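# Structure at a glance
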Amino acid sequence: MTVVPLISNRLVQWQHQRPQGPWRLLALPTYRCNVKCGICVRNWYPMPDFLFDELPDERWLRLVDEAGDLGVRSFVIGGGGEPMLRGNLVTEMCVKAKARGMEGRLQTNGTRMPEESMKAFIKAGWDCLSISLDGPDAAVNDAIRFEGAFNKISTTLHALRDMKKRYRSVLPTVSIHMTVTAQNHNRLEDMVAFCLDNGVDMLAASPLIENGMEDTGYLLNRDERAALPSYIRAAVKKADAAGLPHTLLNLLMLVEEAESDTATGKPACPEPTNMLAGAYCLEPWTGVSIISSGHISPCCFFWDEKAESIRDMTLAEAWNGSYMAVFRERMLQGRLRGECVHCPFPHSEEHVALKKALQNTSKDGGNVGLPRRLITSLRNHGIRGSYRRFKEWRVIRRATRQEHKSRP
């Protein structure tokens, strides 16, 4: 994970009282949706009215420039609803984000993908389309999503694959995002096969957010939970053998972490700490979400009408404003919102790696001498392993220098 040291470098600046801009920004241009999926939180919690007072196109497009000016490197357009309901706007945002040099990812249900948008994504060099699919066939997927979903998504995948061939482009890559439920937990190997057969570049799998889903029939029972790790490992073996990138190991980590928490009764809240490296979640310092109404949020997991809004201020003003400052302080103190307690992100592979990198930096003060590093590396990894790590270190150092040069 080359980006982990780069993000960690920004966090170190925070610890030295030098606030930095967010590494990633998630834009949620609409909470409207064209479908009704069984596992969607919209079915179990009413959406507040303010979410449907959407920012106008001009403000969203201006946000892209503000994100670039603030040093955002990863620009994600996602859903509380289906982003492509504002397809013209979303396409313009994608093109503009790439023109500003940001890495781009669009999360979509894949049912509204016009040819004009696909062509624009390819020509702009948009990085990734993440498409939701929860089963390798219509019987499984449509039982979780909605009737006809599988065929619509398959049509989108084939059209995109054909257009990429026509333009001789590998971008955008396509990632299938699967939410694991009682209906599909034993079909992970089949999902790997589906990806290989349909030109999909990556399989991303995540656990179902269970809070509020108790009576829906989507939760795994005790036997299914016990069997899930073996299904994951089998899918990992199949994907690795075929060279298909995936997040299955991250899924396995989250599953095992959840079982460990349940077994030990480990508290969800951390001990209060004054050190950023000890914060329960680092997302309030590394990322930011802008929801449909313009309100700022530390992550994608909740919205708050009391938060500051870019309707009234710039992104930089909101990022450095009182709402985010208070939220960060509460996170440092271990005073978590209920949504934070149930969020799986702090247990994810990315967050664990980032936290470890920051803790190591904090431990040695960020200034370990080269001789000491060399001796430690030789002892731990041998000559060949140390040389390989040295080459990786050079790549990271070059990226870090570039990060400093491009930072406003």
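### Focus on the overall build of the protein
Within the protein, the regular secondary structure consists of 15 helices and eight strands. Out of the 408 residues belonging to the protein, those deemed buried represent 49%. Here the protein displays about 19900 Å² of accessible surface, and carbon together with sulfur accounts for 52% of that area.

### Thoughts on unusual backbone geometry
With omega at 0 degrees, the peptide bond leading from Leu171 into Pro172 counts as cis. Mapping Pro172 onto the fold places it in the loop between α6 (149-166) and β5 (173-180). Of note in the backbone geometry, Gln17 takes a positive phi value of approximately 65 degrees without being a glycine. The phi angle at Arg168 is positive, at roughly 50 degrees, despite the residue not being glycine.

### A few points about the nonpolar core
Ranked by size, the top nonpolar core spans 89 residues in total, and within it Leu25 and Phe75 carry the most contacts. Within the second largest apolar cluster, eight residues are counted, among which are Leu28, Tyr31, Leu51 and Ile291.

### Thoughts on empty space enclosed by the protein
Applying the stated criterion across every chain yields a total of one cavity of 30 Å³ or more. Its volume calculated, the largest cavity comes out at about 40 Å³. Lining the largest cavity we find Phe327, Arg330, Met331, Arg335, Leu336, Arg337 and Cys340. Examining the composition of the lining of the largest cavity, we find that three residues originate from one element, helix α12 (residues 322-332), more than from any other. Along the lines of polarity and charge, the residues of the lining of the largest cavity split into four nonpolar, no polar and three charged.

### So, the environment of Gln359
For Gln359, the position within the fold is in helix α14 (residues 349-364). Between the C-alpha atoms of Gln359 and Ala277, which are 82 residues apart in sequence, the distance is 5.3 Å.

### Description of the confidence of the model for the protein
Per-residue confidence for the protein averages 87 on the pLDDT scale, and 84% of its residues sit at or above 70. This stretch, residues 389-393, has a pLDDT under 50; its non-local contacts, to residues over four places away or in other chains, come to three contacts.

### Looking at the pairing of β5
Of all the eight residues making up β5, six are buried; the element is thus mostly covered by neighbouring parts of the structure. By the bridge criterion, five bridges tie strand β4 (residues 128-132) to β5 in an arrangement that is parallel. Within β5, the position partnered with Ser130 by the bridge is Ser175. Pairing analysis gives six bridges linking β5 to strand β6 (residues 202-207), with the strands arranged parallel. Note on β6: the bridge partner recorded for Met178 is Ala205.

### So, the packing of aromatic side chains
Considering all chains together, one arrives at five aromatic pairs under this definition. Their ring planes at 25 degrees and their centres at 5.8 Å tell us that Phe302 and Phe327 sit as a pair that is stacked. Placement of the pair is Phe302 in the loop between β8 (296-297) and α11 (315-319) and Phe327 in helix α12, with a sequence separation of 25 residues. Of the residues examined, Phe302 reaches a relative accessible area of 4% and is grouped as buried. Positioned over the ring face of Trp319 is Arg328, at 4.4 Å from the centre of the ring. It is Arg337 that lies over the ring of Phe302; its NZ or CZ is 4.0 Å from the centre.

What counts and what doesn't
Residues numbered from 1 in each chain as written. Predicted model: local features only at pLDDT ≥ 70, side-chain atom pairs only at ≥ 80, totals over all residues. Heavy atoms only, no water. Helix = DSSP H or I, 4+ residues; strand = E, 2+ residues; numbered from the N terminus. Buried < 20%, exposed > 50% of the residue type's maximum accessible area, 1.4 Å probe, protein only. Areas by Shrake-Rupley, 256 points an atom, 1.4 Å probe, with all protein chains shown as cover. Core = buried A, V, L, I, M, F, W, Y, C linked by side-chain atoms within 4.5 Å. 1 Å grid on protein atoms, 1.4 Å probe; cavity = no way out; pocket = protein on both sides within 12 Å on 5 of 7 lines; lining within 4 Å. Points joined across faces, edges and corners; volume = space filled by probe spheres on them. Nonpolar A, V, L, I, M, F, W, Y, C, P; charged D, E, K, R; others polar. pLDDT = per-residue confidence, 0-100. Contact = heavy atoms within 4.5 Å. Pairing = 2+ DSSP bridges. Phe/Tyr/Trp six-rings, centres within 6.5 Å; stacked < 30°, edge-to-face > 60°. Lys NZ or Arg CZ within 6 Å of the ring centre and 35° of its normal.

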